[in-house]
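Chain by chain, the residues run as shown.
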Amino acid sequence: MTQLSIDELRGALPTQFKKSVNKELLDNINNVISDPESYSIYRDNLLSYAYVMNSGKFKVSNYVEAIRYCSFKIMGDTNIAAYSKAFPDKIARFNKQGVSAKDVSSYVSAYNKNKLVELILEQAFTPTWLLNQDLFQQALNTQADLMLNANRENVKSDAANSLL
């Protein structure tokens, strides 16, 4: 399991958030998930969705928590299951305090509807071809040009098949 470095995290975050990255935050991120497969997904999501921080006034620590929760959601967990995995300390505290399942469900529902979580999930579930329409169009144009203007027949055929 590759540990996330301060430089990687700072490189992914918008400029105004780079200074708030410190060793304590990085250690927290690297220790959050012990399962190597889940850690890879969490790490990738953490680096991939950092630009959503530009969509509001968010703290890096809230972003880290939201990514942890959203990573479990993206893997197919229900809201409750994702929240339980992302915030086991909160769930333990709720249980210790005797908070009813209905109230826990309300807290989880409210968390699921917060702006940062919604922005991350919106980006996560947006199809790649839609996010990269400009690149898709460039690739389509390139293949069409090759199909019509390439010197070799096999290149023309491969381009035509790619378009089909």
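A quick note: this is a predicted structure, and the numbers were derived from the prediction, not measured. (Residues numbered from 1 in each chain as written. Predicted model: local features only at pLDDT ≥ 70, side-chain atom pairs only at ≥ 80, totals over all residues. Heavy atoms only, no water.)

Here's the deal with the overall build of the protein chain
Within the protein chain one finds eleven helices and zero strands. Secondary structure elements in the protein chain, listed N-terminal to C-terminal, are α-α-α-α-α-α-α-α-α-α-α. Relative to its length of 164 residues, the protein chain is extended, with a C-alpha radius of gyration of 21 Å against a globular reference of 15 Å. Out of the 164 residues in the protein chain, the part that is buried amounts to 32%. In the protein chain, of all internal contacts separated by at least 6 residues, the share reaching a separation of at least 24 is 53%. Surface summary for the protein chain: the accessible area is close to 10,200 Å², and the carbon and sulfur share equals 51%. (Helix = DSSP H or I, 4+ residues; strand = E, 2+ residues; numbered from the N terminus. Rg over C-alpha atoms; globule rule 2.2 N^0.38 Å. Buried < 20%, exposed > 50% of the residue type's maximum accessible area, 1.4 Å probe, protein only. Contact = heavy atoms within 4.5 Å. Areas by Shrake-Rupley, 256 points an atom, 1.4 Å probe, with all protein chains shown as cover.)

What to know about the nonpolar core
What tends to happen in soluble globular proteins is that the nonpolar side chains get buried as a cluster. With 38 residues, the main nonpolar core has Leu 9, Tyr 63, Tyr 69 and Ile 120 as its most contacted residues. For this core, the leading source of residues is helix H4 (residues 60-74), giving eight residues. Setting aside chain neighbours within four positions, we find Tyr 63 in contact with Leu 13, Asn 45, Leu 46, Tyr 49, Ala 50, Val 52, Met 53, Leu 116 and Ile 120. (Core = buried A, V, L, I, M, F, W, Y, C linked by side-chain atoms within 4.5 Å.)

Some thoughts on the confidence of the model for the protein chain
Across the protein chain, the average pLDDT comes to 85, with 93% of residues at or above 70. Per-element confidence in the protein chain ranges from a low mean pLDDT of 61 for helix H9 (residues 128-131) to a high of 95 for helix H7 (residues 101-112). (pLDDT = per-residue confidence, 0-100.)

Here's the deal with the pattern of salt bridges
This structure, assessed with the given rule, holds two salt bridges. For Asp 27, the salt bridge is made with Lys 23, and the minimal N-O distance between the two is 3.2 Å. You can see Asp 27 and its partner Lys 23 sitting in helix H2 (residues 23-32), four residues apart, about one turn around the helix. Accessibility expressed as a relative area gives 31% for Asp 27, which makes it partly exposed. You can call Lys 23 exposed: its relative accessible area is 55%. As a salt-bridge pair, Asp 77 and Lys 85 come within 2.8 Å of each other at their nearest N and O atoms. When its relative accessible area of 45% is taken as the criterion, Lys 85 is described as partly exposed. (Salt bridge = Lys/Arg side-chain N within 4 Å of Asp/Glu carboxyl O.)

Notes on the packing of aromatic side chains
Where two aromatic rings form a pair, the distance of their centres and the angle of their planes describe that pair. For the structure shown, the criterion picks out six aromatic pairs. With 6.5 Å between their ring centres and 75° between their planes, Tyr 69 and Tyr 83 make a pair best called edge-to-face. Remark: Tyr 83 occurs in helix H5 (residues 79-86) and Tyr 69 occurs in helix H4; sequence separation between them is 14 residues. Look at Tyr 69 and you get buried, because its relative accessible area is 0%. Residue Tyr 83 is classed as buried on the basis of its relative accessible area of 4%. Ring centres 5.1 Å apart and planes at 90° place the aromatic pair Tyr 69 and Tyr 111 in the edge-to-face group. Of this pair, Tyr 69 sits in helix H4 while Tyr 111 sits in helix H7, and the two are 42 residues apart along the sequence. A single burial state applies to Tyr 69 and to Tyr 111, both of which are buried. Members of the aromatic cluster, connected to one another through ring pairs, are Tyr 69, Tyr 83, Phe 87 and Tyr 111. (Phe/Tyr/Trp six-rings, centres within 6.5 Å; stacked < 30°, edge-to-face > 60°.)

Some thoughts on the environment of Tyr 39
Among the structural elements, Tyr 39 can be located in helix H3 (residues 36-48). Counting along the chain gives ten residues from Tyr 39 to Ile 29, while the straight-line C-alpha distance between them is 9.4 Å.

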